[in-house]
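# A closer look at the structure
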Amino acid sequence: MTISKFINRLTLPVKLAAFPSFCELCGCLLLEPEEKVVCNQCLTKIDINQGPVCRVCGRFLFGANNLDSLCLECQKNLPPYEVHRSLGFYAGYLKELIILLKYKGNEPLAFRLAEQLFRHFNHQGILTGIDLILPVPLHPKKERQRGFNQAELVARQLARLTRCPLGRGILVKTRNTPAQVSLEAKERELNLRGAFGVRKKELIQQRVLMLVDDVYTTGSTIRECALVLKKTGARQVRALTLARA
Ligand SMILES: [Zn+2]
Ligand SMILES: [Zn+2]
């Protein structure tokens, strides 16, 4: 019997006494069976945007009273994807959780974050009628270094929750681009041009696709992925990210 199977067979009081686990954010003892990595209390502190957003790119619109508005950027130039939404700003508890996911690659934490996406967006129709969920890929070299792709961890859990297939190895990063962090918006765009490719093209043609990533900063990654998927024949590209920076 493996250690984890052995631990799973123990009753909760024994487990808590022998193998206590603590919330990675606030340090409290995790008591509930579904509490993995972080406590329920810390999850409720995620600041989820409830205000109006641009109906295409999901930009948070402050002071806008029209619920069906289009932001200035989208009015000027519609992105190649149909719709994108984020849970909230890359700040506070949400930021802490994403950092934790990025450095630990923890499946239970990915599940808890995907659950937030599912809960918040399931009734909004974005998750309806999707044929395939695609994680934004890392370059294979980078994924080997890190040991996982955090976007794929979340995408896999979202696929479980929506009962929609997860497409692995379909959207691929073919060029290892320098980190985007230090670049300006225009440079980010250029940095990513032609960096993604599509394998097994027949699997996405005429399909409705959902891209999943952790953070949406200038949107250049989602745009570049959507562009290549559309060129290959995808019918619709939607995107969900955990946070917007
Ligand atoms: Zn906590
Ligand atoms: Zn917009």
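All figures in this text were calculated on a predicted structure; none of them were measured in a lab. (Residues numbered from 1 in each chain as written. Chains lettered and ligands numbered in written order. Predicted model: local features only at pLDDT ≥ 70, side-chain atom pairs only at ≥ 80, totals over all residues.)

When helices and strands are counted, the protein shows 10 helices and 6 strands. Against the compact-globule benchmark of 18 Å for 245 residues, the protein has a radius of gyration of 19 Å, which places it among compact chains. Along the first, second and third principal axes, the C-alpha atoms of the protein reach 60 × 45 × 35 Å. Burial analysis of the protein (245 residues in total) assigns 32% to the buried set. By sequence separation, contacts in the protein at least 24 residues apart represent 69% of the contacts at least 6 residues apart. (Helix = DSSP H or I, 4+ residues; strand = E, 2+ residues; numbered from the N terminus. Rg over C-alpha atoms; globule rule 2.2 N^0.38 Å. Buried ≥ 20, exposed ≤ 12 C-beta atoms within 10 Å, placed from the backbone. Contact = placed C-beta atoms within 7 Å.)

With that out of the way, let us pick up the packing of helix 9 (residues 185-192) against helix 10 (residues 220-231). For the pair helix 9 and helix 10, interaxial distance at closest approach is 9 Å and the crossing angle is 35°. Here the hand of the crossing between helix 9 and helix 10 comes out right-handed. Contacts from Arg188, Glu189 and Leu192 of helix 9 reach helix 10 at Ser220, Thr221 and Glu224. By residue class, the composition of the contact of helix 9 with helix 10 is 1 nonpolar, 2 polar and 3 charged. (Axes fitted to C-alpha atoms, helices over the stretch in contact; angles between N-to-C directions. Left-handed = near helix turned anticlockwise from the far one by under 90°. Nonpolar A, V, L, I, M, F, W, Y, C, P; charged D, E, K, R; others polar.)

Structurally, lysine 104 is set in helix 5 (residues 92-104). What makes lysine 104 partly exposed here is the crowd of 14 C-beta atoms within 10 Å. A sequence separation of 46 residues divides lysine 104 from glutamine 150, and the C-alpha atoms of the two residues are 9.0 Å apart.

In this section: the sheet that holds strand 6 (residues 236-244). In spatial order, the strands read 1-6-5-2; together these 4 strands make up an open sheet with parallel pairing. Every interior strand has two partners, whereas the edge strands, strand 1 (83-89) and strand 2 (132-135), have only one. The sheet shows a mean angle of 20° between the axes of neighbouring strands, direction not considered. Strand direction decides the pairing type here: strand 5 (residues 208-216) and strand 6, joined by 8 bridges, are parallel. (Pairing = 2+ DSSP bridges.)

Further remarks concern the pairing of strand 5. In terms of burial, strand 5 is largely enclosed, as 7 of its 9 residues are buried. Of the strand pairs in this sheet, strand 2 and strand 5 are connected by 4 bridges, and their pairing is parallel. Among the inter-strand pairings, proline 135 is bridged to a residue of strand 5, identified as valine 212. Considered for its hand, the β-α-β crossover made up of strand 5, helix 10 and strand 6 is right-handed. (Right-handed = clockwise from strand over helix to strand, strands pointing away.)

A word on the packing of helix 6 (residues 107-121) against helix 8 (residues 150-162). Where helix 6 contacts helix 8, the two axes come as close as 8 Å, and the packing angle between them is 55°. On the basis of their axis angle, the class for helix 6 and helix 8 is oblique. Considering only the axes of helix 6 and helix 8, their crossing is right-handed. For the pair helix 6 and helix 8, the contacting residues are Glu107, Ala110, Phe111, Leu113, Ala114, Glu115, Leu117 and Phe118 in the first and Leu153, Val154, Gln157, Leu158, Leu161 and Thr162 in the second. Classifying every residue of the contact of helix 6 with helix 8 gives 10 nonpolar, 2 polar and 2 charged. (Parallel < 35°, antiparallel > 145°, perpendicular 65-115°, else oblique.)

Compared with an ideal rise of 1.5 Å per residue, which puts 15 residues at 21 Å, helix 6 spans 21 Å between its outermost C-alpha atoms and is within 8% of the ideal. Considered for burial, the residues of helix 6 that qualify are Leu109, Ala110, Arg112, Leu113, Ala114 and Leu117. The inward-facing, buried residues of helix 6 contact helix 3 (40-44), strand 1, helix 5, helix 8 and strand 6. (Expected span 1.5 Å × (residues − 1).)

On to the environment of proline 137. One can find proline 137 in the loop between strand 2 and helix 7 (140-146). Judged by the 23 C-beta atoms lying within 10 Å of it, proline 137 falls in the buried class. For the pair proline 137 and leucine 171, spaced 34 residues apart in sequence, the C-alpha separation works out to 6.7 Å. Beyond its immediate stretch of four places on either side in the chain, proline 137 contacts Asn149, Leu171, Val172 and Lys173.

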